[in-house]
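Take a look at the letters that make up each chain.
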Amino acid sequence: MAQAAALPISFGTAHHCLITKGGLQKADTVLIQAAAGGVGLAAVQLARDAGATVIAVAGGSERQARLRGLGASHVIDRLEKDVVEEVLRLTGGMGADLVIDPVGSTLQASLSALAPEGRLVFVGNAGGGSLHADLWPPMQNNQTLHGVFMGPLFERPAVYGTVIQLLKAVAEGRMEVVIDRVFPLSDASMAHEYAERAKPLGRVVMTP
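Residues numbered from 1 in each chain as written. Predicted model: local features only at pLDDT ≥ 70, side-chain atom pairs only at ≥ 80, totals over all residues. Heavy atoms only, no water.

J.: Help me understand the overall build of the protein, please; the structure alone is not making it clear to me.
T.: When you go through the protein residue by residue, the secondary structure sums to eight helices and eight strands. Radius of gyration (C-alpha) of the protein: 17 Å, near the 17 Å computed for a compact globule of 208 residues. Its C-alpha atoms give the protein principal-axis dimensions of about 55 × 40 × 30 Å. Taken as a whole, the protein presents about 10,600 Å² of accessible surface, with 53% of it coming from carbon and sulfur. Positive and negative side-chain charges in the protein, numbering 17 and 19 respectively, have mean positions lying 4 Å apart. (Helix = DSSP H or I, 4+ residues; strand = E, 2+ residues; numbered from the N terminus. Rg over C-alpha atoms; globule rule 2.2 N^0.38 Å. Areas by Shrake-Rupley, 256 points an atom, 1.4 Å probe, with all protein chains shown as cover. Lys, Arg positive; Asp, Glu negative; His and termini not counted. Charge placed at Lys NZ, Arg CZ, Asp CG, Glu CD.)

J.: Just checking my understanding: could you explain the side chain of histidine 16 for this structure?
T.: Of note, histidine 16 is situated in helix 1 (residues 2-21). The buried category is assigned to histidine 16, whose relative accessible area is 8%. With near-sequence residues (within four places) excluded, histidine 16 lies in contact with Lys21, Gly22, Val148, Met150, Leu153 and Val159. (Buried < 20%, exposed > 50% of the residue type's maximum accessible area, 1.4 Å probe, protein only. Contact = heavy atoms within 4.5 Å.)

J.: What's the story with the packing of helix 1 against helix 2 (residues 38-49) in this structure? I'm lost.
T.: In a packed pair of helices, the relevant descriptors are the angle between the two axes and the axis-to-axis distance. Between helix 1 and helix 2, the shortest axis-to-axis distance is 8 Å and the interhelical angle comes to 55 degrees. Between helix 1 and helix 2, the angle falls in the class oblique. Of the two possible hands of crossing, helix 1 and helix 2 adopt the one that is right-handed. Contact with helix 1, carried on its side by Ser10, Phe11, Thr13, Ala14, His15 and Leu18, involves Gly38, Val39, Ala42, Ala43, Gln45, Leu46 and Ala47 of helix 2 and no other residues of that element. For the contact of helix 1 with helix 2, the residue count by class is eight nonpolar, five polar and no charged. (Axes fitted to C-alpha atoms, helices over the stretch in contact; angles between N-to-C directions. Parallel < 35°, antiparallel > 145°, perpendicular 65-115°, else oblique. Left-handed = near helix turned anticlockwise from the far one by under 90°. Nonpolar A, V, L, I, M, F, W, Y, C, P; charged D, E, K, R; others polar.)

J.: Whenever I open this one, the pattern of salt bridges confuses me. Can you help?
T.: Pairing is possible between side chains of opposite charge, provided their charged atoms come close. Scanning the model with the defined rule gives six salt bridges in all. The closest approach of N and O atoms between arginine 119 and aspartate 28, which form a salt bridge, is 2.7 Å. Of the two residues, arginine 119 is situated in strand 5 (residues 114-123) and aspartate 28 in the loop between helix 1 and strand 1 (29-32); the sequence distance between them amounts to 91 residues. Each member of the pair, arginine 119 as well as aspartate 28, carries the same accessibility label: buried. One salt bridge connects glutamate 193 with arginine 197, and the closest N-O pair in it is separated by 3.6 Å. Taken as a pair, glutamate 193 and arginine 197 lie in helix 8 (residues 188-197) at a separation of four residues, close to a single helical turn. The network of salt bridges with shared partners includes Lys81, Glu86 and Arg89. (Salt bridge = Lys/Arg side-chain N within 4 Å of Asp/Glu carboxyl O.)

J.: Can you walk me through the nonpolar core in this structure?
T.: Across soluble globular proteins, you tend to see nonpolar side chains buried next to one another. Residues Phe11, Leu18, Val30, Val44 and Leu67 are the most contacted members of the largest nonpolar core, which totals 43 residues. Only helix 1, strand 1, helix 2, strand 2 (53-57), helix 3 (61-70), strand 4 (96-101), strand 5 and helix 7 (157-171) provide two or more residues apiece to this core. Ignoring anything within four residues of it in the chain, the contact list for phenylalanine 11 reads Ala42, Gln45, Leu46, Leu166, Met175, Glu176 and Val177. Ranked by size, the runner-up nonpolar core spans 14 residues in total, among them Ile55, Val57, Ala96 and Ala113. (Core = buried A, V, L, I, M, F, W, Y, C linked by side-chain atoms within 4.5 Å.)

If you want it as C-alpha coordinates, here you go:
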(Lines give C-alpha, C1' and ligand atoms only; values in the text may rest on other atoms or scores of the structure.)
Protein backbone atom coordinates (compact mmCIF):
# COMPACT_ATOMS: atom_id res chain seq x y z
CA MET A 1 0.00 0.00 0.00
CA ALA A 2 2.87 2.38 0.71
CA GLN A 3 4.21 1.87 -2.81
CA ALA A 4 0.74 2.29 -4.31
CA ALA A 5 0.24 5.53 -2.37
CA ALA A 6 3.60 6.95 -3.45
CA LEU A 7 3.35 5.94 -7.11
CA PRO A 8 0.89 8.36 -8.77
CA ILE A 9 2.78 11.62 -8.24
CA SER A 10 6.31 10.32 -8.86
CA PHE A 11 5.68 7.81 -11.66
CA GLY A 12 2.75 9.69 -13.17
CA THR A 13 4.84 12.85 -13.38
CA ALA A 14 7.90 11.04 -14.73
CA HIS A 15 5.82 9.30 -17.41
CA HIS A 16 4.20 12.57 -18.50
CA CYS A 17 7.63 14.24 -18.70
CA LEU A 18 9.35 11.43 -20.58
CA ILE A 19 6.63 10.06 -22.83
CA THR A 20 3.81 12.55 -23.25
CA LYS A 21 5.90 15.73 -23.43
CA GLY A 22 9.42 14.43 -24.01
CA GLY A 23 8.56 12.03 -26.83
CA LEU A 24 11.11 9.52 -25.56
CA GLN A 25 12.56 7.19 -28.20
CA LYS A 26 14.53 3.97 -27.72
CA ALA A 27 17.72 5.41 -29.21
CA ASP A 28 17.63 8.56 -27.03
CA THR A 29 20.13 9.57 -24.42
CA VAL A 30 18.27 11.01 -21.42
CA LEU A 31 19.76 13.27 -18.76
CA ILE A 32 17.85 13.23 -15.46
CA GLN A 33 18.65 15.98 -12.98
CA ALA A 34 18.12 15.20 -9.26
CA ALA A 35 17.80 11.54 -10.17
CA ALA A 36 17.69 10.40 -6.54
CA GLY A 37 14.43 12.27 -5.92
CA GLY A 38 10.98 10.75 -6.28
CA VAL A 39 10.42 11.83 -9.88
CA GLY A 40 14.04 11.12 -10.77
CA LEU A 41 13.98 7.54 -9.49
CA ALA A 42 10.82 6.89 -11.47
CA ALA A 43 12.21 8.56 -14.60
CA VAL A 44 15.37 6.43 -14.51
CA GLN A 45 13.30 3.24 -14.51
CA LEU A 46 10.85 4.38 -17.18
CA ALA A 47 13.64 5.55 -19.47
CA ARG A 48 15.50 2.28 -18.93
CA ASP A 49 12.33 0.34 -19.67
CA ALA A 50 11.99 2.25 -22.96
CA GLY A 51 15.51 1.24 -23.99
CA ALA A 52 17.09 4.70 -23.65
CA THR A 53 20.59 5.45 -22.38
CA VAL A 54 20.19 7.08 -18.98
CA ILE A 55 22.57 9.66 -17.51
CA ALA A 56 21.60 10.39 -13.91
CA VAL A 57 22.80 13.23 -11.69
CA ALA A 58 23.17 12.40 -7.99
CA GLY A 59 25.70 12.70 -5.18
CA GLY A 60 26.92 10.05 -2.76
CA SER A 61 28.10 6.50 -3.42
CA GLU A 62 24.94 4.87 -2.01
CA ARG A 63 22.66 6.91 -4.24
CA GLN A 64 24.84 6.36 -7.28
CA ALA A 65 24.90 2.59 -6.74
CA ARG A 66 21.12 2.54 -6.29
CA LEU A 67 20.59 4.45 -9.52
CA ARG A 68 22.85 2.12 -11.46
CA GLY A 69 20.88 -0.80 -10.06
CA LEU A 70 17.66 0.80 -11.30
CA GLY A 71 19.00 1.25 -14.82
CA ALA A 72 21.21 4.34 -15.07
CA SER A 73 24.03 3.84 -17.56
CA HIS A 74 26.06 6.70 -16.10
CA VAL A 75 25.82 8.66 -12.84
CA ILE A 76 27.36 12.11 -12.46
CA ASP A 77 28.16 13.60 -9.05
CA ARG A 78 27.51 17.31 -9.56
CA LEU A 79 29.72 18.17 -6.56
CA GLU A 80 32.73 16.46 -8.10
CA LYS A 81 32.29 17.02 -11.82
CA ASP A 82 30.78 19.60 -14.14
CA VAL A 83 27.50 18.09 -15.33
CA VAL A 84 27.52 19.77 -18.73
CA GLU A 85 31.11 18.77 -19.47
CA GLU A 86 30.42 15.17 -18.42
CA VAL A 87 27.29 14.89 -20.55
CA LEU A 88 29.13 16.22 -23.57
CA ARG A 89 32.00 13.81 -22.93
CA LEU A 90 29.66 10.84 -22.58
CA THR A 91 27.75 11.74 -25.75
CA GLY A 92 30.75 12.50 -27.93
CA GLY A 93 30.06 16.22 -27.82
CA MET A 94 26.45 15.96 -28.97
CA GLY A 95 24.56 16.41 -25.70
CA ALA A 96 21.47 14.63 -24.40
CA ASP A 97 18.43 14.15 -26.65
CA LEU A 98 16.08 14.66 -23.72
CA VAL A 99 16.59 16.32 -20.32
CA ILE A 100 14.24 16.00 -17.35
CA ASP A 101 14.78 18.80 -14.84
CA PRO A 102 12.76 18.89 -11.59
CA VAL A 103 15.23 21.25 -9.91
CA GLY A 104 14.67 24.59 -11.60
CA SER A 105 17.92 26.24 -10.59
CA THR A 106 19.75 23.87 -12.95
CA LEU A 107 17.71 25.00 -15.95
CA GLN A 108 20.56 26.83 -17.69
CA ALA A 109 22.90 23.86 -17.24
CA SER A 110 20.20 21.53 -18.59
CA LEU A 111 19.92 23.66 -21.70
CA SER A 112 23.70 23.65 -22.14
CA ALA A 113 23.72 19.83 -21.92
CA LEU A 114 20.95 19.47 -24.52
CA ALA A 115 21.67 18.26 -28.04
CA PRO A 116 20.61 20.29 -31.09
CA GLU A 117 16.88 19.68 -31.70
CA GLY A 118 16.71 18.10 -28.24
CA ARG A 119 13.83 18.42 -25.76
CA LEU A 120 13.97 19.82 -22.24
CA VAL A 121 11.11 19.14 -19.82
CA PHE A 122 11.20 21.15 -16.61
CA VAL A 123 8.83 20.20 -13.82
CA GLY A 124 8.60 22.08 -10.52
CA ASN A 125 11.29 24.09 -8.83
CA ALA A 126 12.70 21.87 -6.09
CA GLY A 127 15.89 23.93 -5.96
CA GLY A 128 13.95 27.06 -5.09
CA GLY A 129 16.06 29.20 -7.41
CA SER A 130 15.43 31.32 -10.46
CA LEU A 131 13.75 29.82 -13.51
CA HIS A 132 15.27 32.44 -15.80
CA ALA A 133 17.32 31.14 -18.72
CA ASP A 134 18.90 32.52 -21.87
CA LEU A 135 16.55 31.38 -24.65
CA TRP A 136 18.67 32.57 -27.56
CA PRO A 137 20.84 29.40 -27.74
CA PRO A 138 17.80 27.03 -27.63
CA MET A 139 16.23 28.96 -30.49
CA GLN A 140 19.43 28.76 -32.53
CA ASN A 141 19.67 25.02 -31.83
CA ASN A 142 16.01 24.33 -32.64
CA GLN A 143 15.45 22.92 -29.17
CA THR A 144 12.08 22.47 -27.51
CA LEU A 145 11.18 23.39 -23.92
CA HIS A 146 8.16 21.90 -22.15
CA GLY A 147 6.86 22.92 -18.74
CA VAL A 148 4.94 20.31 -16.72
CA PHE A 149 2.64 20.91 -13.76
CA MET A 150 0.73 17.75 -12.91
CA GLY A 151 -1.82 19.24 -10.48
CA PRO A 152 -4.85 19.42 -12.80
CA LEU A 153 -3.71 16.65 -15.15
CA PHE A 154 -4.54 13.71 -12.88
CA GLU A 155 -8.22 14.30 -13.62
CA ARG A 156 -7.65 13.38 -17.27
CA PRO A 157 -8.66 9.82 -18.23
CA ALA A 158 -5.41 9.25 -20.13
CA VAL A 159 -3.28 10.11 -17.08
CA TYR A 160 -5.51 8.00 -14.84
CA GLY A 161 -5.08 5.09 -17.25
CA THR A 162 -1.31 5.54 -17.24
CA VAL A 163 -1.22 5.36 -13.44
CA ILE A 164 -3.21 2.11 -13.55
CA GLN A 165 -0.69 0.60 -15.98
CA LEU A 166 2.20 1.75 -13.81
CA LEU A 167 0.61 0.17 -10.73
CA LYS A 168 0.45 -3.09 -12.68
CA ALA A 169 4.12 -2.76 -13.64
CA VAL A 170 5.09 -2.37 -9.99
CA ALA A 171 2.88 -5.31 -8.97
CA GLU A 172 4.63 -7.44 -11.61
CA GLY A 173 8.07 -6.39 -10.35
CA ARG A 174 9.05 -4.48 -13.49
CA MET A 175 9.23 -1.17 -11.62
CA GLU A 176 10.02 -0.25 -8.03
CA VAL A 177 8.62 2.60 -5.97
CA VAL A 178 11.56 3.38 -3.70
CA ILE A 179 10.43 4.06 -0.12
CA ASP A 180 13.04 5.62 2.13
CA ARG A 181 11.10 5.57 5.38
CA VAL A 182 7.57 5.11 6.71
CA PHE A 183 6.21 7.17 9.63
CA PRO A 184 2.93 6.84 11.52
CA LEU A 185 0.60 9.76 10.93
CA SER A 186 0.96 10.70 14.60
CA ASP A 187 4.60 11.56 13.83
CA ALA A 188 3.72 13.82 10.91
CA SER A 189 5.94 16.67 12.08
CA MET A 190 8.89 14.27 12.40
CA ALA A 191 8.20 12.92 8.92
CA HIS A 192 8.20 16.42 7.41
CA GLU A 193 11.41 17.32 9.23
CA TYR A 194 13.05 14.11 8.01
CA ALA A 195 11.97 14.76 4.42
CA GLU A 196 13.39 18.28 4.53
CA ARG A 197 16.66 17.61 6.34
CA ALA A 198 17.75 14.02 5.71
CA LYS A 199 17.84 14.10 1.89
CA PRO A 200 15.99 10.77 1.66
CA LEU A 201 16.56 8.34 -1.17
CA GLY A 202 13.02 7.77 -2.33
CA ARG A 203 9.66 8.66 -0.84
CA VAL A 204 8.76 9.38 2.79
CA VAL A 205 5.35 7.90 3.56
CA MET A 206 2.94 8.40 6.46
CA THR A 207 0.47 5.67 7.42
CA PRO A 208 -2.68 5.89 9.58
